[in-house]
Amino acid sequence: MPQDTTNLAQQVTEAAERIKSAITETPVEGVSDLAPDAGVELFFKMENLQQTGSFKLRGASNKILLLSPDEATLGVIAASNGNHGLGVAAAARRAGITAEVYVSSHVSPSKARRIEEYGALIQRAGNDPLDAELAARAAATKQGKVFISPYNDMQVMAGQGTIAVELLQQLSVIQTSTLDALFVAVGGGGLMGGIGSYMKYASPRTEIVGCWPENSRVLYESIKAGRILDFPEEPTLSESTAGGLESGSVTLDVCANVIDRSVLVSENEILAAMKKVRALRGWIIEGAAAVAVAAFLKEAHRYRGKRVAVVICGANASAEVLSRLG
C-alpha cells in the first residue's frame with residue numbers, strides 16, 4: 001500500500017475517536033430487496049441521516065477540532081454550494097468560532113439559507129464551484145485564516161474516512177465478516193480518498209468502486225490522464241459531486257491508488273435510482289447518493305452471492321432536483 005494511503009488510514013483511525021462526540025453514528029440498513037434478482041447481500045451506509053443531511057460534517061469537524069487556539073480565534077473560510085458549507089457552518093458553530101462560506105452563482109437558494117441558519121456568513125463569487133473555491137482561498141490567505149477545502153485537505157479526507165471505520169464495525173456486529181465491494185460516489189475525491197485509504201488498510205479484500213455521473217467526471221478523466229484536467233461538464237442531478245478540481249489536489253494520487261473499478265452512470269439512471277429508493281423505503285436521497293446506487297444497480301450482476309455496501313452520502317437534494325421525482 002502506498003505510504004500516503006497508509007498515513008491517511010492512520011489519520012482516519014485517529015479522526016474517528018476525535019470527532020465521535022461531534023457527529024452521529026449513522027445506521028447500516030439491509031436493502032437486498034433493492035435488486036431481488038441479483039442475489040446480492042446489500043447494505044446502505046446511511047449518511048443521509050447525518051447531522052446537516054450529509055457526510056461532510058465529518059471532515060469539517062475533524063479539521064476544526066485540529067485548529068490551534070490562534071487559528072480558531074480568527075475563524076475559518078470555506079467554499080461550497082451546499083453540503084460542505086453546511087458541514088463547516090455546523091462544525092464552526094459547535095466549536096464557537098466564525099465561518100465564512102463562498103458560493104458560486106449556481107448555489108441552490110435553499111442551501112444558501114441553511115448555511116446562513118447555522119451562523120455562517122455567505123460570500124458569492126463566480127459561476128462555477130471552482131471559481132468560488134479559488135476566491136475563498138485567496139480571501140483566506142489575505143486574512144490569515146484557515147481555508148477548509150471540500151476535498152483538497154488530508155485532515156478533511158481523514159474525517160470523511162471515518163464512515164469506513166463505522167461501517168466495518170457495524171457489519172461485524174451483525175456478523176457480516178467480509179465485505180466484497182463498496183460503492184462510493186466521487187466528486188473532488190475527499191470522500192473516496194478517506195474511505196478508500198482506510199478500507200485498503202482494514203479490509204484490503206474489499207473492491208472499491210468509484211461512481212461518477214457521465215455528465216460530471218473531472219476526477220475520473222484526470223485519473224486516466226495522470227494529471228488534473230479542465231474537463232467539460234454538463235448539468236447533473238448529482239449536484240454535490242459537480243465542479244472542477246483545484247490544481248495540485250492531493251485527491252488525484254490518493255484516489256488513483258485506492259479505486260479498483262470505476263462506473264459511469266447516466267442522468268436517467270441516477271433519476272431511476274432515486275425513484276427506486278423512494279418507492280422501496282420512502283427515503284429521499286440526493287443525486288450524489290443515487291449515483292452510487294445507480295452504479296450498483298448497473299453492475300449488480302457481477303456480485304451474485306456477495307456482500308456489497310453503498311454509501312448513501314446525503315439527503316440534501318435541491319427543490320429543482322426533487323421536482324424531477326414526480
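Heads up: the structure comes first, above all this text.
Since we're looking at a predicted model, the values are computed, not measured.

Asks: Residues and numbers for the side chain of Glu-299, please.
Replies: Locating Glu-299 in the fold gives a position in helix α12 (residues 287-299). Once you skip the residues sitting within four places of it in the chain, Glu-299 turns out to touch Phe-183, Arg-261 and Val-263.

Asks: Describe the packing of aromatic side chains, naming the residues involved and giving the relevant values.
Replies: For the structure on display, the rule yields five aromatic pairs. Clustering of aromatic rings is evident, with ring pairs tying together Phe-183, Phe-296 and Tyr-303.

Asks: So what's going on with the sheet that holds strand β3 (residues 76-79)? Residues and values would help.
Replies: Pairing in this open sheet of four strands is parallel, and the strands run β5-β4-β3-β6 from one edge to the other. One side of each edge strand has no neighbouring strand; the edge strands of this open sheet are β5 (121-124) and β6 (146-148). Averaged over all pairs of adjacent strands, the angle between their axes in this sheet comes to 25 degrees, without regard to strand direction. In this structure, β3 lies alongside strand β4 (residues 99-103), joined through four bridges in parallel fashion. Across the sheet, the residue bridging to Ala-78 is Val-101, located in β4. Contacting β3, β4 and β6, helix α4 (residues 83-95) runs over the sheet at an angle of about 165 degrees to β3.

Asks: Explain the pairing of strand β7 (residues 181-185) to me, and be specific about the residues and the numbers.
Replies: Of all five residues in β7, five are buried, a share of seventy percent or more. Both faces of β7 are covered, namely the face carrying Ala-181, Phe-183 and Ala-185 and the face carrying Leu-182 and Val-184. Pairing between β7 and strand β8 (residues 207-213): five bridges, direction parallel. Counterpart to Leu-182 in the pairing with β8 is Ile-208. Of the crossover connections in this fold, the one passing from β7 over helix α8 (residues 190-202) to the parallel β8 is right-handed.

Asks: Give a description of the pairing of strand β10 (residues 307-312) that names residues and reports values.
Replies: The buried count for β10 comes to five of six residues, which makes it a mostly enclosed element. In terms of strand pairing, strand β2 (residues 41-46) meets β10 through six bridges, oriented parallel. Paired with Lys-45 across the bridge in β10 is Val-311. In the sheet, β7 pairs with β10 via three bridges, with the strands oriented parallel. By the bridge assignment, Ala-181 is partnered in β10 with Val-308.

Asks: Run through the nonpolar core, naming residues and quoting values.
Replies: If you look at soluble globular proteins, the nonpolar side chains tend to sit buried side by side. Membership of the largest hydrophobic core comes to 78 residues, with the highest contact counts inside it found for Phe-44, Leu-182 and Phe-183. The biggest single contributor to this core is α12, with nine residues. In contact with Phe-183, other than residues within four places in its own chain, are Val-209, Cys-211, Ala-292, Ala-295, Phe-296, Glu-299, Tyr-303, Val-308, Ala-309, Val-310 and Val-311. Of all hydrophobic cores here, the second largest spans 27 residues; its members include Ile-23, Val-76, Ala-89 and Ile-122.

Asks: Give me the lowdown on unusual backbone geometry, citing residues and values where you can.
Replies: Backbone geometry at Thr-52 places phi at a positive 75 degrees, although glycine is not the residue there. Note that Thr-52 resides in the loop between β2 and α2 (56-65). The exposure class assigned to Thr-52 is buried, which follows from its relative accessible area of 6%.

Asks: A description of the environment of Thr-13 should follow, citing residues and the corresponding values.
Replies: Mapping Thr-13 onto the fold places it in helix α1 (residues 3-18). The partly exposed category is assigned to Thr-13, whose relative accessible area is 35%.

Asks: Explain α8 residue by residue, including any values.
Replies: In this model, α8 (13 residues) spans 18 Å end to end at C-alpha, consistent with the 18 Å of a helix rising 1.5 Å per residue. Of all 13 residues making up α8, 11 are buried, and the element is well covered by its neighbours. Turning to α8, its buried residues are Gly-190, Leu-191, Met-192, Gly-193, Gly-194, Ile-195, Gly-196, Ser-197, Tyr-198, Met-199 and Lys-200.

Thresholds, definitions, all that
Residues numbered from 1 in each chain as written. Predicted model: local features only at pLDDT ≥ 70, side-chain atom pairs only at ≥ 80, totals over all residues. Heavy atoms only, no water. Helix = DSSP H or I, 4+ residues; strand = E, 2+ residues; numbered from the N terminus. Contact = heavy atoms within 4.5 Å. Phe/Tyr/Trp six-rings, centres within 6.5 Å; stacked < 30°, edge-to-face > 60°. Pairing = 2+ DSSP bridges. Axes fitted to C-alpha atoms, helices over the stretch in contact; angles between N-to-C directions. Buried < 20%, exposed > 50% of the residue type's maximum accessible area, 1.4 Å probe, protein only. Right-handed = clockwise from strand over helix to strand, strands pointing away. Core = buried A, V, L, I, M, F, W, Y, C linked by side-chain atoms within 4.5 Å. Expected span 1.5 Å × (residues − 1).

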